[in-house]
Amino acid sequence: MEPVLEVDRVSAEHVGGAAAIDPTAFKAVLGRFASGVTVITAIDDGEPVGFACQSFASLSIDPPLVSFFPARTSSTWPRIRRAGRFTVNILADHQDSVCRQLGRPGADKFAGVEWTPSHNGSPLLTGALATIDCELRDEVDGGDHTVVIARVTGLDEHSEATPLLFYRAGFGRLAHQ
Ligand SMILES: Cc1cc2nc3c(=O)[nH]c(=O)nc-3n(C[C@H](O)[C@H](O)[C@H](O)COP(=O)(O)O)c2cc1C
């Protein structure tokens, strides 16, 4: 598995109180929760903007809501918030390089990235498994992250490829048996 984020692999100790939670142990233990990966995109000031986001979840069917958690340090989330509408791209297993490119800060994150406009005009990354068009509904304090709640305005399936997975700070793929 190729590492994409730095996480020290420590064995976490069982501790009694929240004050004793060590950030390194927190990352190591929570990193054992496997997920897919998304890139959340919008158009701001006529430019494509986006960031890789593993902290994405289906929240509610009626009304249709999804949730994700941008870091407070993100420079892209304020631009997506300003746009008010955006698209969640669910990445396919071959999209690790686009995920890396959109997963770190940079002046031109979309250089060489192929996309077309989704129904709401946000970048639909070529090759994505599915896209979820959204409008911002609410933001809640989430410590050093923000809990975003978004209303789903459109859904599209694009491909039968298998998903890109994220586990212990590295990318993984489904093993077919
Ligand atoms: C696989 C992967 C998953 C990520 N998941 C998140 C996430 O859930 N929330 C977040 O804020 N940043 C996440 N990041 C990091 C952001 O994508 C990155 O910090 C952001 O692109 C930084 O640029 P910005 O300052 O333009 O927002 C992830 C990065 C990678 C590579």
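To be clear, the structure that these remarks concern was listed above.
Residues numbered from 1 in each chain as written. Predicted model: local features only at pLDDT ≥ 70, side-chain atom pairs only at ≥ 80, totals over all residues. Heavy atoms only, no water.

Draft legend 1. Fine view of the sheet that holds strand β6 (residues 85-90). If you trace the 7 strands from one edge of the open sheet to the other, you get β3-β2-β6-β9-β10-β5-β4, paired in antiparallel fashion. Only two strands of the sheet have a single neighbouring strand rather than two, namely β3 (47-53) and β4 (56-60). Ignoring strand direction, the axes of neighbouring strands in this sheet form an average angle of 35°. Strand direction decides the pairing type here: β6 and strand β9 (residues 130-142), joined by 6 bridges, are antiparallel. Opposite Thr87, over in β9, you have Asp133 as the bridge partner. (Pairing = 2+ DSSP bridges. Helix = DSSP H or I, 4+ residues; strand = E, 2+ residues; numbered from the N terminus. Axes fitted to C-alpha atoms, helices over the stretch in contact; angles between N-to-C directions.)

Draft legend 2. Spotlight on the packing of aromatic side chains. Under the criterion given, the structure shown has 4 aromatic pairs. When the centroid spacing of 5.6 Å and the interplanar angle of 85° are considered together, the rings of Phe68 and Trp77 count as edge-to-face. In terms of burial, Phe68 and Trp77 fall into one category: buried. Aromatic rings pair up to connect Phe68, Trp77 and Phe86 into one cluster. (Phe/Tyr/Trp six-rings, centres within 6.5 Å; stacked < 30°, edge-to-face > 60°. Buried < 20%, exposed > 50% of the residue type's maximum accessible area, 1.4 Å probe, protein only.)

Draft legend 3. Structural detail: the pairing of strand β2 (residues 38-44). Where burial is concerned, most of β2 is hidden: 6 out of the 7 residues are buried. Two elements, β2 and β3, share 7 bridges in a ladder whose sense is antiparallel. Across the sheet, residue Ala42 finds its bridge partner in β3, namely Val49. In this sheet, β6 lies alongside β2 in antiparallel orientation, the contact comprising 4 bridges. Across the sheet, residue Thr41 finds its bridge partner in β6, namely Thr87.

Draft legend 4. Structural detail: the sheet that holds strand β12 (residues 170-173). Read across the sheet, 3 strands follow the order β1-β11-β12 without closing on themselves; strand pairing throughout is antiparallel. Here the strands that pair on one side only, and so sit at the sheet edges, are β1 (35-36) and β12.

Draft legend 5. Broad picture of the site of the ligand. By nearness alone, 20 residues border the ligand, and Ser55, Ala71, Ser74, Ser75 and Thr76 come closest of all. Between the ligand and Lys109 there is a distance of 2.8 Å, counted from an oxygen atom to a side-chain nitrogen or oxygen. Taken by itself the ligand offers 640 Å² of open surface, and the protein chains cover 87% of this. A total of 3 residues in the shell around the ligand trace back to one element, the largest contributor, which is β3. Grouping the constituent residues of the shell around the ligand by class yields 12 nonpolar, 6 polar and 2 charged. (Near = heavy atom within 4 Å. Polar contact = N/O pair within 3.5 Å; in protein donor to acceptor, adjacent residues only side chain to side chain. Areas by Shrake-Rupley, 256 points an atom, 1.4 Å probe, with all protein chains shown as cover. Nonpolar A, V, L, I, M, F, W, Y, C, P; charged D, E, K, R; others polar.)

Draft legend 6. Region of the structure containing the side chain of Lys109. Examined against the element boundaries, Lys109 turns out to sit in the loop between α3 (96-101) and β7 (115-117). The contacts of Lys109, once residues within four sequence positions are left out, are Gly50, Phe51, Thr76, Gln101, Leu102 and Arg104. (Contact = heavy atoms within 4.5 Å.)

Draft legend 7. Inspection of the nonpolar core at higher detail. Core analysis: the biggest nonpolar cluster contains 16 residues, and Ile40, Phe51, Phe68, Trp77, Ile80, Phe86 and Cys134 have the highest contact counts within it. Put simply, the parts of the chain that give this core at least two residues each are β2, β3, β5 (65-68), α2 (77-83), β6, β9 and β10 (145-157). With residues near it in sequence (within four places) discarded, Phe68 still touches Ile40, Phe51, Cys53, Ser55, Phe56, Trp77, Phe86, Thr146, Val147 and Val148. With 12 residues, the next largest nonpolar core counts Leu102, Phe110, Phe166 and Phe171 among its residues. (Core = buried A, V, L, I, M, F, W, Y, C linked by side-chain atoms within 4.5 Å.)

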